[in-house]
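Observations on chain architecture
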Amino acid sequence: MERLKQLFGKHAKYERVADTEMVQAPSSVHKIPSSALLSVKGMTCSACTSAVEAALRAVPGVQQAEVSLLQHSAEVQYNAAVASTDYLVNAVDDCGFDCKLLSVHSLDDQAEQEQRPQVARLAVTGMTCAACSGSVERGLLALPGVTHAAVALTQGEAEVTYYSSSITADALAAAVEDLGFDCRVISQAGLESCTLGVLGMTCSACSNAVEKALSAVPGVSKASVDVVGGRAEVWYNPTSTGPRAFLDAVTAAGFAGSLVTTDDSRGSDHKAELEYWRNLLSMALVFTIPVFILAMVLPMTPGTNMGSGAGVLRVG
């Protein structure tokens, strides 16, 4: 008792508990498993990633932290009842890196979502007949987890109903490519994608600036920029934002942006083939026209003699 008085003070009130009575321990903290994706700028080596991982794992409630040096991002699994996204961002900022929250979602919601069938739309190029579309449809239906597949030949698209616990949308696109067709994912799990043409990028700093501007748009789940091809692919929630906001963000970053439609992507190979044959025709005309003039026009011109194989001009 004297020890209790020293710890809690003289005026502390306490009650005597019977020897047979059990004191109930505090209930465990409610668990809300969540996952957050952070953008971390300034990392240059593995020591930087190790420092960021150590700082994130030191935050109470963090269960797992994985840092990617190439993608300049960190994925953290934590208990939202104990930690918050502000704690995660501040922990990285205290290490000397620029950190920003990209997305956050509940793992419980994700588990429930995996138990429900998902719908993905695929853009398929290279189909020319009903046999091609039938081959794609049969190939998709043969995949595990796929319950329905419908292929539109004229639109060059495929709609697939599947369970995300068995297969992913990227695996569906890879299966179509294995059949000999070009394929990319248009939409999945309520998210849609669009491709932007970005002019003016010359280095990785330019692509990072564009990616940062696009990721800052509310409703954007993921943004990836290809500086060589001058393209940017954006995954977003169509109920929150749209391509117009992306173009405004690219313009605000100091670059010229344009929307690349599905029809443009589908017809790019056809345009390249037409350009190839147009160049061949131009080269053929360069050599054909002089030969035509020498062989057909000059022999018919008065005052010339082509009989000996050389043109002789008669004077007088």
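Analysis parameters
- Residues numbered from 1 in each chain as written.
- Predicted model: local features only at pLDDT ≥ 70, side-chain atom pairs only at ≥ 80, totals over all residues.
- Heavy atoms only, no water.
- Salt bridge = Lys/Arg side-chain N within 4 Å of Asp/Glu carboxyl O.
- Helix = DSSP H or I, 4+ residues; strand = E, 2+ residues; numbered from the N terminus.
- Buried < 20%, exposed > 50% of the residue type's maximum accessible area, 1.4 Å probe, protein only.
- Pairing = 2+ DSSP bridges.
- pLDDT = per-residue confidence, 0-100.
- Contact = heavy atoms within 4.5 Å.
- Patch = residues over 30% accessible without salt bridge, like charges linked within 9 Å, V, L, I, M, F, W, Y side chains within 5 Å.
- Areas by Shrake-Rupley, 256 points an atom, 1.4 Å probe, with all protein chains shown as cover.
- Axes fitted to C-alpha atoms, helices over the stretch in contact; angles between N-to-C directions.
- Parallel < 35°, antiparallel > 145°, perpendicular 65-115°, else oblique.
- Left-handed = near helix turned anticlockwise from the far one by under 90°.
- Nonpolar A, V, L, I, M, F, W, Y, C, P; charged D, E, K, R; others polar.

1. Some thoughts on the pattern of salt bridges
One pass over the full model with this rule turns up 4 salt bridges. Salt-bridge contacts for E53 lead to R57; the nearest nitrogen and oxygen are separated by 3.8 Å. Linking E53 with R57, this pair stays in helix α2 (residues 46–57), spanning 4 residues, or about one helical turn. Where R121 meets E157, a salt bridge forms, and the shortest distance between an N and an O atom there is 3.3 Å. Of this pair, R121 sits in strand β5 (residues 117–125) while E157 sits in strand β7 (residues 157–163), and the two are 36 residues apart along the sequence. Residue R121 is classed as partly exposed on the basis of its relative accessible area, which comes to 26%.

2. A closer look at the pairing of β5
Every regular strand shows the same layout, with side chains that alternate between the two sheet faces. Sheet analysis places β5 next to β7, joined by 7 bridges and oriented antiparallel. Residue A120 lies in a different strand from β7, and its bridge partner there is V160. In the sheet, β5 pairs with strand β8 (residues 182–188) via 6 bridges, with the strands oriented antiparallel. Paired with L122 across the strands is V185, a residue of β8.

3. Some details on the confidence of the model for the protein chain
A residue-level look at the protein chain finds 79% of positions with pLDDT of 70 or above and a mean pLDDT of 79. Taking the mean pLDDT of every element in the protein chain, the minimum, 46, falls on helix α1 (residues 2–8) and the maximum, 92, on helix α5 (residues 130–141). Here residues 10–28 is modelled with pLDDT under 50, and outside its nearest four sequence neighbours on either side it reaches 5 contacts, counting other chains as well.

4. Re a nonpolar patch on the surface
On the surface, L281, L285, I289, F292, I293, L294, M296, V297 and L298 cluster together into a nonpolar patch covering about 810 Å² of accessible area. Looking at where M296 falls in the secondary structure, it is placed in helix α10 (residues 268–297). Given a relative accessible area of 49%, M296 falls into the partly exposed group.

5. What about the side chain of S133?
Inspection of the secondary structure assignment puts S133 in helix α5. On the basis of relative accessible area, S133 is assigned to the buried category, the value being 11%. Here S133 is in contact with M127, V151 and L153, once residues within four sequence places are set aside.

6. Overview of the packing of helix α7 (residues 204–215) against helix α8 (residues 243–252)
Taken N-terminus to C-terminus, the directions of α7 and α8 make an angle of 140°; their axes are 9 Å apart at the nearest point. When the axis of α7 is compared with that of α8, the two are oblique. The chirality of how α7 crosses α8 is right-handed. Residue-level inspection shows V210, A213 and L214 of α7 in contact with α8, the latter providing F246, A249 and V250. Considering only residue class, the contact of α7 with α8 consists of 6 nonpolar, no polar and no charged.

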